[in-house]
Amino acid sequence: RLHEVLGAGGTAKVYRGTVQHVTVAVKVYMVTGESAADAAWRQHVVDLLAAHRHAHAHIVSLFAQRTWPRDEQVHVYMQYVPRTLRDEMSSVLRLDVVARTALLAQLADAVAFLHTRVRLAHADVKSENVLVEQCTSLGYTG
């Protein structure tokens, strides 16, 4: 079951969802035909699934994916992390230099992992795609 929209981009929307009483993030990709945009979308989904086959402490866990052909949708079910780096940076309680340095090191480690182990270049690194579990721990999604 899908709830509120957490974020949106050019290829998908991310919702807070519930599956068997567990809160998850659900990335919903829409396909509308055989255009160049749809080819890019398909490659994005392939890249996303490839990245999640490799476990990393600072990349969110992928639980499952499901295709809904009638609705022309693919749902990707991931670990739910309620706060983004953007939320943390705009918070009244700003992160101190030590916390910022720790988060930046974790982000760099996650991106380096994607580049070297998965051979994937993430094209949309931004504060909304960096999920913060605690002020010193993050998960990364795209």
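Predicted model, so just to flag it, every value in this text is computed and none were measured.

Student: Help me understand the overall build of the protein chain in this model?
Tutor: The secondary structure content of the protein chain amounts to three helices and seven strands. Start at the N end of the protein chain and walk to the C end: the helices and strands fall as β-β-β-α-β-β-α-α-β-β. For the protein chain, the residues scored as buried account for 36% of the 142 residues in total. Within the protein chain, residue pairs in contact and separated by at least 24 positions form 46% of the contacts whose partners lie at least 6 positions apart. Of the accessible surface of the protein chain, which amounts to about 8600 Å², a share of 56% is contributed by carbon and sulfur atoms.

Student: How do you make sense of the pattern of salt bridges when you look at a structure like this?
Tutor: Side-chain pairs of opposite charge can arise whenever the charged atoms involved come near each other. All chains considered together, the criterion is met by two salt bridges. The partner of R16 in a salt bridge is E4, and the shortest N-O contact between them spans 2.8 Å. Here E4 lies in strand 1 (residues 2–8) and R16 lies in strand 2 (residues 12–19), a separation of 12 residues in the sequence. Residue R16 is classed as partly exposed on the basis of its relative accessible area, which comes to 22%.

Student: Can you walk me through the confidence of the model for the protein chain in this structure?
Tutor: Do not read the predicted coordinates in detail wherever pLDDT is low. In this model, the protein chain carries a mean pLDDT of 77, and residues with pLDDT of at least 70 account for 73%. Per-element mean pLDDT across the protein chain ranges from 51 in strand 7 (residues 137–140) up to 90 in strand 2.

Student: Could you clarify how one ought to interpret the pairing of strand 1 in this entry?
Tutor: For a regular strand, side chains alternate in direction, first toward one face of the sheet and then toward the other. The pairing of strand 1 with strand 2 spans four bridges and is antiparallel. Across the sheet, the residue bridging to L2 is G17, located in strand 2. In this antiparallel pair of consecutive strands, strand 1 and strand 2, the connection spans three residues.

Student: I would appreciate a short explanation of helix 3 (residues 97–118) in the present structure.
Tutor: In an α-helix there are 3.6 residues to a turn, and that puts residues three or four apart on one side. With 22 residues, helix 3 should cover 32 Å at 1.5 Å per step; its first-to-last C-alpha distance of 30 Å lies within 8% of that length. Turning to helix 3, its buried residues number three or more, namely A99, L103, Q106, L107, A110, V111, F113, L114 and V118. Considered in projection along helix 3, the buried side chains sweep an arc of 145 degrees and stay on one side of the axis. Exposed residues lying more than 90 degrees from the buried face of helix 3 are V97, V98, L104 and T116. Immediately beyond the C-terminal end of helix 3, within one or two residues, lies R119, with a positive phi of roughly 60 degrees.

Student: For this particular structure, what's the right way to read the pairing of strand 5 (residues 73–79)?
Tutor: Of all seven residues in strand 5, six are buried; the element is thus mostly enclosed. Across seven bridges, strand 3 (residues 22–30) lies against strand 5 in antiparallel orientation. Directly across from V26, in strand 5, lies its bridge partner Y77.

What counts, and at which threshold
- Residues numbered from 1 in each chain as written.
- Predicted model: local features only at pLDDT ≥ 70, side-chain atom pairs only at ≥ 80, totals over all residues.
- Heavy atoms only, no water.
- Helix = DSSP H or I, 4+ residues; strand = E, 2+ residues; numbered from the N terminus.
- Buried < 20%, exposed > 50% of the residue type's maximum accessible area, 1.4 Å probe, protein only.
- Contact = heavy atoms within 4.5 Å.
- Areas by Shrake-Rupley, 256 points an atom, 1.4 Å probe, with all protein chains shown as cover.
- Salt bridge = Lys/Arg side-chain N within 4 Å of Asp/Glu carboxyl O.
- pLDDT = per-residue confidence, 0-100.
- Pairing = 2+ DSSP bridges.
- Expected span 1.5 Å × (residues − 1).
- Arc of directions from axis to C-beta.

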